[in-house]
Amino acid sequence: MEEIFNMLFTPEVKTAIMLIIVLFGVLYVISIIWVIRDSYLRGANPVIWGIISLIPFIGAFAYSMMRPPMLLSDKDEQAIDFALKKRELMKYGECAKCGYPVEREYLMCPNCGTQLKNECRSCGHALNPEWRICPFCCTPIGQ
Ligand SMILES: [Zn+2]
Ligand SMILES: [Zn+2]
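As the structure is a prediction and not an experimental result, all values here were calculated from the model. (Residues numbered from 1 in each chain as written. Chains lettered and ligands numbered in written order. Predicted model: local features only at pLDDT ≥ 70, side-chain atom pairs only at ≥ 80, totals over all residues.)

## Remarks on the overall build of the chain
A count of helices and strands for the chain gives five helices and four strands. Along the chain direction, N to C, the helices and strands of the chain fall in the order α-α-α-α-α-β-β-β-β. Its C-alpha atoms give the chain a radius of gyration of 34 Å, clearly above 15 Å, the size a compact globule of 143 residues would have. For the chain, the spread of C-alpha atoms along the three principal axes comes to 115 × 30 × 20 Å. For the chain, with 143 residues in total, the buried portion stands at 8%. Contacts spanning at least 24 positions in sequence make up 18% of the contacts within the chain whose residues lie at least 6 apart. (Helix = DSSP H or I, 4+ residues; strand = E, 2+ residues; numbered from the N terminus. Rg over C-alpha atoms; globule rule 2.2 N^0.38 Å. Buried ≥ 20, exposed ≤ 12 C-beta atoms within 10 Å, placed from the backbone. Contact = placed C-beta atoms within 7 Å.)

What follows is the structure in structure tokens.
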């Protein structure tokens, strides 16, 4: 029995097995670090996922299946992008008649000539038709 064992497990084979064990050990540790770091970045609970990832490989695999789809920094970027687009929409309106994009300060649609806003008699700023007073120079608007 001892002889067969020694024949099968030559020093080379033993070294190879050791290397494989070490390799899996390193992969295991890396997978735990990855899960903790990734769950933290994605806004998941890194403590809970860190504990789950202690189950060798299955934990990390489960996390990669169930992790939140987006990184937190991506989420922030998307929110900023959305806010910028919204602001752009607020700045630029559309001509009620032809739909041409017009800016806040436009009195007339440059495309079809429709009057979009009133002009302040005192300072010349563009005024919304429903305003009763010019917010730029405090002149009351009226007939
Ligand atoms: Zn127009
Ligand atoms: Zn004014």
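## Things to note about the nonpolar core
Grouped together as the largest cluster of nonpolar side chains are five residues: Ile32, Val35, Trp49, Ala60 and Tyr63. Those elements that place two or more of their residues in this core are helix H2 (11-41) and helix H4 (58-66). Apart from the residues within four sequence positions on either side, isoleucine 32 is in contact with Gly50, Ser53 and Leu54. (Core = buried A, V, L, I, M, F, W, Y, C linked by C-beta atoms within 7 Å.)

## Section: H2
In this model H2 runs 44 Å from its N-terminal to its C-terminal C-alpha over 31 residues, within 8% of the 45 Å that 1.5 Å per residue would give. By the criterion of burial, H2 is predominantly exposed, with just three of the 31 residues buried. Considered for burial, the residues of H2 that qualify are Ile32, Val35 and Ser39. Lining the buried residues of H2 we find helix H3 (46-52) and H4. The first or second residue beyond H2 is glycine 43, which carries a positive phi of 80°. (Expected span 1.5 Å × (residues − 1).)

## Details of the environment of arginine 132
Here arginine 132 is to be found in the segment after strand E4 (126-127). In this structure arginine 132 comes out as exposed when scored by C-beta crowding, with 8 C-beta atoms within 10 Å. With 102 residues separating them in the primary sequence, arginine 132 and isoleucine 30 have C-alpha atoms 67 Å apart.

## Some details on unusual backbone geometry
Although it is not a glycine, cysteine 138 adopts a positive phi angle of roughly 70°. Looking at the element boundaries, cysteine 138 is found in the segment after E4.

## So, the domain arrangement of the chain
Assigned domains within the chain: domain 1 (2-69) and domain 2 (84-127). For domain 1 and domain 2, the distance between their C-alpha centres works out to 62 Å. (Domains from an automatic or database assignment.)

## Description of the packing of H2 against H4
Where H2 contacts H4, the axes come no closer than 9 Å and their chain directions differ by 30°. One finds that H2 runs roughly parallel with respect to H4. Judged by the sense of rotation from one axis to the other, the crossing of H2 with H4 is left-handed. For the pair H2 and H4, the contacting residues are Ser31, Trp34, Val35 and Ser39 in the first and Gly59, Ala60 and Tyr63 in the second. Per-class residue counts for the contact of H2 with H4 are four nonpolar, three polar and no charged. (Axes fitted to C-alpha atoms, helices over the stretch in contact; angles between N-to-C directions. Parallel < 35°, antiparallel > 145°, perpendicular 65-115°, else oblique. Left-handed = near helix turned anticlockwise from the far one by under 90°. Nonpolar A, V, L, I, M, F, W, Y, C, P; charged D, E, K, R; others polar.)

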